[in-house]
Each structure stands twice: as structure tokens, then as C-alpha cells.
Amino acid sequence: MDYFLDVVLPIPLEKLFTYKISQAEADFIQEGMRVAVPFGKSKIYTGLAYRVHQNAPQAYESKEIYQILDETPVVTQIQLKHWEWVAKYYMCTLGEVVRSALPSAFMLESETLILPNKESDIEDKMLTDDEFLVHEALQHQTALKISEVSDIVDKKNVLKLINTLVSKGVVLQKEELYEQYKPKLVRYVKLSIQYEDEEKLAHLLNELTRAPKQSQVVLSLFQLKTKGTKPIPISELEKQSGGSRAVIKALIDKNILEEYHIRKDRVQFDQRSDESKDIALNEYQKKALEDINSGFNEEKPVLLHGVTSSGKTEVYVKLIQKCLDEGKQALYLLPEIALTSQLINRLRRYFGHRVSVYHSKYSIHERVEVWNNLLKNAEKAQIVIGARSSLFLPFTNLGLVVVDEEHESSFKQFDPAPRYHARDAAVVLASLHKANIVLGSATPSIESMYNARANKYGYASIAHRFGDVLMPDINLVDIKEATRKRRMKGHFSEILIKAIAEALEEGEQIILFQNRRGFAPVVECTTCGHVAQCPNCDVSLTYHQHRNQLRCHYCGYHMALQQACLACGSPTLDNKGFGTEQIQQELGQLFPNVPVGRMDLDTTRGKYAYEKIISSFENQEMDILVGTQMVTKGLDFRNVSLVGIMNADSMLNFPDYRAHERSFQMLTQVAGRAGRTQKRGKVLVQTYNPYHQILQQVTTNNYDKMFEEQFYEREQFKYPPLVRLIKITLKDKDFNKLNEASEWLASSLRNVLGTNILGPEYPPVARIRRDYLKNIMIKIPRKQPLAQTKNSIKRIENSFNAISKYKSIRLVYNVDHI
């Protein structure tokens, strides 16, 4: 009887592929194991075993799998269910979710180069005919691809042949066909067993008197041994003895010392801590904790609406402690990697070694270790802090999910697929695990607040700051009037300069917020009006002063700053607008002796860049921090008394239905960084329109008024949370073809789905990386069945793809577009 295996391949295929397996393999393979399978002419992919069955595929002849890569599953059944939900809901394929979710070290693909082993001295007669042919070919070529080896021996599957050549030491592989993940082995050293006898040891020390450096190493080893029973790493012995690696190696070669290896995790934190049990909550926090637990008893997600600096983290810590006491795992989701570095230190203070971290700034090896620790339900991975990708980890016993700053748009993935929203996917993940979930924010999203008011979510609030510190004093500065009266110094109003000077005199710190990086977004010729444009995108180039370059923030194109206009040749170039670099430069002129730091995408590219900036600001090595939206999110600086918002209008006037909600959230969050201890903080918001309703609501911290106004507008114009949105983006290099195709698609959608179709329309940036873009927006009323609508859209897409001239056009789905 034949057995077959359905495999999920990490490529965008609508269907699963079926492979032939033997009965022994069918008995061994479990759902969630990795298997290496041939796909296409010569490619080998790592797929996930999905289902063993006995139904042969009808459309094609099934190939045999190449290799089983695991002894036990690396993906749990609940994970696969969750990934299927993500694929179905966000209209992408399961393969795309697998590719996004699994650390790349688990993915093995074959474009392997075969190199000759120069040190091999194997005789030709030891090789089979096929092996000899490959060996001979490598005498004339530096490397061979798998496809070339296949041609030489005239066989399709040559991986077995290559593996035997590797095992015989004839050839080397440039890319390993097996794990990219290599465990970290630390080298340790101990005294050889033969010298445990005191007489032999005395004889040895007597002998070593002629080699003082070696003698010193042996004595240092004794000193380290007396300090404790821990194994002694070579690096520590080298440091203690002052000897070099060569001296230690000589002792190992003489069999005086023995070397051995111990496998270690790359990220280690061994201190144990139970401080979380000592946290005392105030009355408002206790009330919120009671409300959250009563929501959990009703098996609902709970929204925690606590003002900035109200001590939400302490409430989360209590919830996590309760979860750990029950022997379960906890997931703490954050929108920004910048936030994790500050929170890790706080949670490690409370929970010690039980905290693991998972995000994209960690290396693939570090991520694999967290993955494996979770699979084993190891003690060091009881709590996971991470950005949105940590949703996909293999939790075996999840008890609590905390989504902090749940309103953040960073929780939504934009490219590549799956374009999921981590908050919504986390709610589904919690329900699959039957775990509790709490969503926390000082400025909840309209959707979450709507769900709370509709009784779909539980609700808890903390309306007072911790320690009864007053909310910051927010003042609007009219820069329209100040500019007219010529009372501006660069981009600073007199009021802001005076407030900065006062704060510096008091020895306090300042945060300045400008949501644009670079020096100036536009470099314009004042003679002819020409502006340098990106050749690949429909945007002007941004001037970056520290590199003296004009850069495109969409495709990365850059050129040196021109000395004269490219159009008319005159040297009259002027900067329009301003970014964080320009603010930093102006501060240098206004306050020459004050250390100023900058936190934006340009300064936080390295792995530890966030930590360096945040810790130097915490340690008061900088007095002023200039930043983009990174500085707005949940960071806790004790000594900041003043926050300045350089220009609030750019956010308010953005062409997006969420612009007002986002502006309110961002401005309230930035304001929340001020005055987090006893003294009341001050916030200055520079604007050309101080009478704008949102700015007025920010100054009075009136979330309810903002919610009611925004909800009323969305009710009138049919926007979420009252309808669901699906945005379809069409991309192509041919402008006319794109226009024609988008019209065809929009009219087909209108025929099937009715009138709630907007577009096709060009986005504000209508060309990116040489592709023209056009958007179609589909509004789906709450009463309309969602799954049925998506199936209709997919059927229309199939008809669209059947038209040969539209073959080159790419369709991108963005469900719950924000």
C-alpha cells in the first residue's frame, strides 16, 4: 500500500504538494516535522510535514521525499492551526506564513557549490565511476553547482552521490545542506586526571620551573578551582594567568591540561529573581487588576486603558506572576524593538533568568535557541518579550498574552506577506491556547475601544498617574503668529527656547519630537524651482547632512549633494522642510555646550544601537534627545521634564482616515514621556493651527471626546470599526496596462460585490522602485459574511490572471488596511 505526505513549502503556492513516502517513513513522520523535498527541476526545499494519507495526487506523479530533518516536530499543531487562520484571514498562502514564521536557520535550500578538497589524497580506485567523474571535473574547475554535477553524471538526483563524496573527504560544500544553525560550544579546561595524585603533581610543578609561563597557568587554574566548583573557560584562565592561548595550547598538547566543550545558549542571563512578588500596587492598580481578572473569568480579551505613567507594567507583572505560578508561559508583545531593550531590564529585575527575547535584531542562531527552549518548555523561556514576529513561536503551554501599546500601527506588517496585524492575530492565538489576553494602551485604538463598549472585550482603566503625579501641562505654541512677527530662531519659537534653557538650568532632560528623519526633505533651486527627484520613485530626495547625500527613503537610491542645480546650473540651492538632523544642528548652535543625541532609523541600525542611545540618555550622558516616532512609545525616563513637538501639523494633514486618531495617540504618547516623577512635566506643541479640535483634545487629555468625534465621522463615511477594509494594490512597470487592468478589476468587483468599492486610485506616492501603483479599496459591512466575500474576490482574481496581457501585474492584498 502506498503512503503519501502533504508538505507545506515556504513559497507562495495556493495548494500543498504531495510526496510519496515508505511505510516506515509514514509511521515515523509527525505533523510539524521538517522534510527536505525536491521541487521543480533541481531545487530542494525544506517543507513542513502536514498530513500523511493514502490518496495519490491526480494532476501529477508524486516524487519521493529526499530526507527527514527532525526527530521530533519543530512546529506544534496549535501553531499550524494559527498559521492557517493567518493565511486564510489575510488572504495569503500558508507557505508565505511558514516562511515568515520559521527562523531562516530552519530553512535549507539547495544552491550548493561543490569545491575540491585540496587536502584529500584519496586514490582514484577507491571511487565509483560517478564519483570519479565529479572528482576529475573538479581538477579543471574551481567549483560545481548541483545542476552541473547532475549533467556530468547524467542523473537527476545527485545529492546522495555528493554526500558520499563529502563523507569520503573528496569534496567540500560551500553551503551546508543541513542546519545553518550551529550550537555555540564554549571551550573549558581542567587538569589531566593523571595529575590528581599529589606526588605526580609535585613532580609536574618541579618540572615546570623551567617554563615560568606554563607554571603560572597551572597555578592560576588552582586559584580558580578554589573559588568554586564551576567549570573553568579557557578565556577566563587566559585572563587570570596573563598567559597567551599558545601557552595553554602547549599544556594541552603535553596532556597536562584537558580541553572539553559545553554547549551554551548565545543569550544568557543566569541571575534568579523573585522581586515580582514584592511589587505593591496602589488602589487604582488593584482595582484595574480586579477588573482584568473578572474579564478573564468571562473568557474575554480585556482592554486596559491606563494614562501614561500610570503603572500599567506593574499590573502586567502581577498577571505574569500569576500565570507562572500556574506553570504556564507568558508572551509580552511590544510594537518597537527600541522598547524591548528598556523593558527587558525591568522584567529581568522582576523575573530573572526566566525571560527570553525574540526579535529581528537578534541573529538567526539566537532566535533558534529561543525557539528550541520554548519547544522544550525550558525554565529560561517562561516569559517571551518580542516584537510582532514572536507570535509565531512554538508555545506549548501559553497562559497569558500581553499586547502593550496596542494602538500602534507598527503591529501591522506591510511587506512582505503575510500582512497580519499582531494584535488581532494575538487574540486568535490566545483563544486557540485557551489563554488570557490583555491589550494595554494610554490611547486605545478606536477598534479596541469600540469592542470594549460593545461588551466584546472586558474593560479596565487607570485614570491616575502612579504616585499621584500630575499629568503634564500641555501648551500650544502658535508658530504662524511667531513667524509673522519674526520671532522664530530656525525652527524654534522663543517660548520653546526659553523652556529648554530653564530645564537645562535645573539639570533636567528634554525630548524633542519631529516625525521626519534626515536634514531636509526637499532641496530646491530658487532660480528655476527644480527639485531633485528619485529616478525610481515619485518622491523628492531627502538631504542627509552627515553623509552629504540626497537619499530616497523608499528604494534607497542616493547621490552626492550637487553643488549646482541639475536643471539650470545655478548654485542657488535651498532646503525646504526639516528633519531630525537639522533640529540637532540648530540645537548645537543655540546651546553649544549641551550634549544632544538623535534617535531615528539612521542612528539605530546596529544590533545594540537602541540600547546604547537609551542607556546613555538614562544615565544623563545626553541632555537633549531628538527623535522620530521611536521616542514616543512607552519609554520611561525619570529625569525628563520637558517635551517639545516641533511641528504637529504634518501628522494632522496626512491623507488618511486615521490621521486624526494617530495624531492624538502620538502627541499624547510623546507628552506622556514628560514629568514621570514628582515634578509636573511640561509639553510644548508648535503648530500653525492651535485651534484644531485634535490639538485641543490633546491639551485636555480628553480621549472620550476624540473617540466620539472620530466614531461619528467613521459612521458617516463607512470606515472601520463599522466596516472591514480590504485594500488591493496593483503593481506594474507599464503605466497604461496598469490603468486598464485596474479598471477591469474594479468593475468586476462592483458587478459581484455592489457599490462599496472605492477606486482605482493612485496612492500619494504613485511609483515606487519603478513600479506604478494603483489602489482599490473594498468596504465590507459587518453584516456581510467575510469568508464568502473573500472567496468572491479570489474567483475574480483567477479570472484576472487568466487574461494573458495582465500576467505581469502583481496583486497585493492588505486585509484590515491601516
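Being a predicted model, the structure only gives us computed values, none of them experimental.

**Considering the overall build of the protein**
When its secondary structure is counted, the protein shows 26 helices and 36 strands. Since a compact globule built from 818 residues should have a radius of gyration of about 28 Å, the 31 Å found for the protein is in line with a globular shape. Within the span of the protein, comprising 818 residues, buried residues form 53% of the whole. Pairs at least 24 apart in sequence give 74% of the contacts found in the protein among residues at least 6 apart. When the accessible surface of the protein is summed, it comes to about 38,900 Å², and 48% of that surface belongs to carbon and sulfur atoms. Distance between charge centroids for the protein: 3 Å, based on 107 positive and 99 negative side chains.

**Looking at the environment of Ala137**
One can find Ala137 in helix H4 (residues 129-140). A relative accessible area of 15% means that Ala137 is categorised as buried. Spatially, the C-alpha atom of Ala137 lies 63 Å from that of Phe513, the residues being 376 residues apart in sequence. Ignoring any residue separated from it by four or fewer positions in sequence, one finds Ala137 in contact with Leu144 and Ile152.

**Some words on the nonpolar core**
Formed by 111 residues in total, the largest nonpolar core has its most connected members in Trp83, Ile728 and Leu749. Once residues within four sequence positions are removed from consideration, Leu749 is found in contact with Ile728, Gly754, Ile757, Ile776, Ile778, Ile793 and Ile796. Formed by 33 residues, the second largest nonpolar core is a distinct cluster that contains Phe296, Tyr350, Val355 and Ala460.

**Focus: the pattern of salt bridges**
Following the criterion strictly, the structure yields 28 salt bridges and no others. For Arg484, the salt bridge is made with Glu481, and the minimal N-O distance between the two is 2.6 Å. Highlighted residues: Arg484 and Glu481, both in helix H17 (residues 479-484), separated by 3 residues, approximately one helical turn. For Glu709, the salt bridge goes to Lys705, with nearest N and O atoms at 3.5 Å. Of the two residues, Glu709 and Lys705 both sit in helix H24 (residues 703-717), 4 residues apart, roughly one turn of that helix. When its relative accessible area of 40% is taken as the criterion, Lys705 is described as partly exposed. One salt-bridge network, in which partners are shared between bridges, spans Glu447, Arg658, Glu661 and Arg714.

**Re the packing of aromatic side chains**
Evaluation of the coordinates by the stated rule reveals 21 aromatic pairs. Here Phe735 and Tyr772 contribute two aromatic rings whose centre-to-centre distance is 5.2 Å and whose plane-to-plane angle is 70 degrees, an arrangement assigned as edge-to-face. Highlighted residues: Phe735 in helix H25 (residues 735-753) and Tyr772 in strand E35 (residues 771-781), separated in sequence by 37 residues. Using a relative accessible area of 37% as the deciding quantity, one classes Phe735 as partly exposed. Residue classification places Tyr772 among the partly exposed positions, given a relative accessible area of 23%. In this structure an aromatic cluster arises from ring pairing among Tyr450, Phe664, Tyr703, Phe707 and Phe711. Lying over the aromatic face of Tyr89, Lys790 brings its terminal NZ or CZ to 3.8 Å of the ring centre.

**A word on the side chain of Ser663**
Residue position: Ser663 is located in helix H22 (residues 659-671). Accessibility expressed as a relative area gives 0% for Ser663, which makes it buried.

**Digging into the packing of helix H16 (residues 446-453) against H24**
Taken N-terminus to C-terminus, the directions of H16 and H24 make an angle of 95 degrees; their axes are 11 Å apart at the nearest point. Taken as axis vectors, H16 and H24 run roughly perpendicular relative to one another. Between H16 and H24, the residues in contact are Ile446, Glu447, Met449, Tyr450 and Arg453 and Tyr703, Asp704, Met706, Phe707, Gln710, Phe711 and Arg714, respectively. Within the contact of H16 with H24, the residues separate by chemical class into 7 nonpolar, 1 polar and 4 charged.

**Quick word on the pairing of strand E6 (residues 113-116)**
Pairing between E6 and strand E7 (residues 144-145): 2 bridges, direction antiparallel. Paired with Leu113 across the strands is Lys145, a residue of E7. With 3 bridges connecting them, E6 and strand E8 (residues 171-173) associate as antiparallel partners. The residue of E8 that forms the bridge with Pro116 is Val171.

**Details of the confidence of the model for the protein**
Taken as a whole, the protein shows an average pLDDT of 87; of its residues, 94% reach a score of 70 or greater. Here residues 175-179 is a poorly scored stretch, pLDDT under 50, and it has 16 contacts once near neighbours within four places are set aside; other chains count.

**Section: the sheet that holds strand E25 (residues 549-551)**
Pairing in this open sheet of 3 strands is antiparallel, and the strands run E24-E25-E26 from one edge to the other. Unpaired on one side and paired on the other, strand E24 (542-544) and strand E26 (558-560) mark the two borders of the sheet. With strand direction ignored, the average angle separating the axes of adjacent strands in the sheet is 30 degrees. Across 3 bridges, E24 lies against E25 in antiparallel orientation. If you follow Thr542 over to E25, its bridge partner there is Arg551.

**A short note on the packing of helix H8 (residues 212-227) against helix H9 (residues 234-241)**
It is at 9 Å that the axes of H8 and H9 come closest, and there the two elements cross at 115 degrees. The orientation of H8 with respect to H9, classified from their angle, is roughly perpendicular. For the crossing formed where H8 meets H9, the hand is right-handed. Where H8 abuts H9, its residues Gln216, Val217, Ser220, Leu221, Gln223, Leu224 and Lys227 lie against Glu236, Leu237, Gln240 and Ser241. In terms of residue class, the contact of H8 with H9 is made up of 4 nonpolar, 5 polar and 2 charged.

**Here we look at the sheet that holds strand E2 (residues 17-21)**
Overall, antiparallel pairing links the 5 strands, which are arranged E2-E1-E4-E3-E5 in an open sheet. At either end of the open sheet lies a strand with only one pairing partner, and these are E2 and strand E5 (67-68). Both strand E1 (residues 3-8) and E2 contribute to a ladder of 5 bridges, which runs antiparallel. Along E2, the bridge assignment pairs Leu5 with Tyr19.

**Concerning the state of the cysteines**
Scanning the entire structure with this criterion turns up 0 disulfides. You can see Cys525 has no disulfide; the closest cysteine sulfur is in Cys568, sitting 3.7 Å from it. Using a relative accessible area of 1% as the deciding quantity, one classes Cys525 as buried. Free cysteine: Cys534, not disulfide-bonded; nearest cysteine sulfur from Cys555 at 3.6 Å. Taking the relative accessible area as the measure of exposure, Cys534 reaches 4% and is therefore buried.

How each quantity is defined
Residues numbered from 1 in each chain as written. Predicted model: local features only at pLDDT ≥ 70, side-chain atom pairs only at ≥ 80, totals over all residues. Heavy atoms only, no water. Helix = DSSP H or I, 4+ residues; strand = E, 2+ residues; numbered from the N terminus. Rg over C-alpha atoms; globule rule 2.2 N^0.38 Å. Buried < 20%, exposed > 50% of the residue type's maximum accessible area, 1.4 Å probe, protein only. Contact = heavy atoms within 4.5 Å. Areas by Shrake-Rupley, 256 points an atom, 1.4 Å probe, with all protein chains shown as cover. Lys, Arg positive; Asp, Glu negative; His and termini not counted. Charge placed at Lys NZ, Arg CZ, Asp CG, Glu CD. Core = buried A, V, L, I, M, F, W, Y, C linked by side-chain atoms within 4.5 Å. Salt bridge = Lys/Arg side-chain N within 4 Å of Asp/Glu carboxyl O. Phe/Tyr/Trp six-rings, centres within 6.5 Å; stacked < 30°, edge-to-face > 60°. Lys NZ or Arg CZ within 6 Å of the ring centre and 35° of its normal. Axes fitted to C-alpha atoms, helices over the stretch in contact; angles between N-to-C directions. Parallel < 35°, antiparallel > 145°, perpendicular 65-115°, else oblique. Nonpolar A, V, L, I, M, F, W, Y, C, P; charged D, E, K, R; others polar. Pairing = 2+ DSSP bridges. pLDDT = per-residue confidence, 0-100. Left-handed = near helix turned anticlockwise from the far one by under 90°. Disulfide = S-S within 2.5 Å.

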